[in-house]
Amino acid sequence: QVQLVESGGGLVQAGGSLSLSCAASGRTDSSYAMGWFRQAPGKEREFVAAISWSSGNTYYADSVKGRFTISRDNAKNTVYLQMNSLKPEDTAVYYCAAKPGMVVVSTTPWGSWGQGTQVTVSS
C-alpha cells in the first residue's frame, strides 16, 4: 500500500483550467501505475487518466482526451493532472489512485486512494 496526498481542486468557470497533484509515499514496488478517477453525485466512480511509472505511457478516457494531461515527477513521486477547457460535466470529486503493475480502467484493482478533491465547473 502507498499513502496518497492530493492537492488542488476548486471552482472554475467553463473553459478555464485547474491543476491537481498527488504525492505518493511508502511505495515499495518498482513497477506501478498511478491514475485519476472522478465521481459525481449519484454516479459510479469512473476512470479519467493514468500513467505507467516505468514506461511513462499515458491513458485517457475519451471524454477528456485532448483536454486533460497526466504527467509525473519521478524525484517527487508525484503525479499531476492538468485540466484545460473545463466543462460543467467535468464537475466531480477527483481521486488519485495507485496500484502495482499495469494500468487498468476499472476501479477495483486500484488499492490505494487519495482523499478526493472537489472540482466544480460553473457555466
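Note that the structure is predicted; figures quoted are calculated from it, not measured.

### A closer look at the overall build of the chain
Okay, step 1: Of the regular secondary structure elements, the chain holds zero helices and 11 strands.
Okay, step 2: In terms of overall size, the chain behaves like a compact globule, its C-alpha atoms giving a radius of gyration of 13 Å where 123 residues would be expected to give roughly 14 Å.
Okay, step 3: Viewed in the frame of its principal axes, the chain has a C-alpha envelope of about 45 × 30 × 25 Å.
Okay, step 4: Taken across its 123 residues, the chain has 41% of its residues classed as buried.
Okay, step 5: Taking as baseline every contact in the chain between residues at least 6 positions apart, the subset at least 24 positions apart corresponds to 57%.
Okay, step 6: Roughly 6,200 Å² of accessible area belongs to the chain as shown, and the carbon and sulfur atoms make up 48% of that amount.

### Focus on the pairing of strand β8 (residues 78-83)
Okay, step 1: Direction of pairing for strand β3 (residues 18-25) relative to β8: antiparallel, over a ladder of six bridges. Along β8, the bridge assignment pairs A23 with T78.
Okay, step 2: Here strand β7 (residues 68-73) folds back onto β8, and the loop between the two strands holds four residues, one of which, N77, carries a positive phi near 50°.

### Observations concerning the state of the cysteines
Okay, step 1: Considering all chains together, one arrives at one disulfide under this definition.
Okay, step 2: The disulfide partner of C22 is C96, and the gap between their sulfur atoms is 2.1 Å. Judged by the torsion about the S-S bond (-85°), the C22/C96 disulfide is left-handed. Of this pair, C22 sits in strand β3 while C96 sits in strand β9 (residues 92-100), and the two are 74 residues apart along the sequence. This pair shows no difference in class: C22 is buried, exactly as C96 is.

### A word on the pattern of salt bridges
Okay, step 1: In total, this model carries three salt bridges according to the counting rule given.
Okay, step 2: The salt bridge partner of R38 is E46, with a shortest N-O separation of 2.8 Å.
Okay, step 3: Residue R38 is classed as buried on the basis of its relative accessible area, which comes to 7%.
Okay, step 4: Bridged by salt links that share partners, the residues R38, E46, R67 and D90 form one connected network.

### A closer look at the side chain of S112
Okay, step 1: Of note, S112 is situated in strand β10 (residues 112-113).
Okay, step 2: A relative accessible area of 5% places S112 in the buried class.
Okay, step 3: If we ignore the near neighbours within four places in the chain, the residues touching S112 are Q1, V2, L4, C96, A97 and A98.

### As for the nonpolar core
Okay, step 1: The biggest cluster of nonpolar side chains holds 36 residues, and the ones touching the most others in it are M34, W36, V79, L81, M83 and Y94.
Okay, step 2: Of all elements in the fold, only β3, β4 (32-39), β5 (46-52), β7, β8, β9 and β11 (117-122) reach the threshold of two or more residues within this core.
Okay, step 3: Here V79 is in contact with L20, S21, C22, M34, W36, I51, W53, I70, S71, R72 and C96, once residues within four sequence places are set aside.

Analysis parameters
Residues numbered from 1 in each chain as written. Predicted model: local features only at pLDDT ≥ 70, side-chain atom pairs only at ≥ 80, totals over all residues. Heavy atoms only, no water. Helix = DSSP H or I, 4+ residues; strand = E, 2+ residues; numbered from the N terminus. Rg over C-alpha atoms; globule rule 2.2 N^0.38 Å. Buried < 20%, exposed > 50% of the residue type's maximum accessible area, 1.4 Å probe, protein only. Contact = heavy atoms within 4.5 Å. Areas by Shrake-Rupley, 256 points an atom, 1.4 Å probe, with all protein chains shown as cover. Pairing = 2+ DSSP bridges. Disulfide = S-S within 2.5 Å. Salt bridge = Lys/Arg side-chain N within 4 Å of Asp/Glu carboxyl O. Core = buried A, V, L, I, M, F, W, Y, C linked by side-chain atoms within 4.5 Å.

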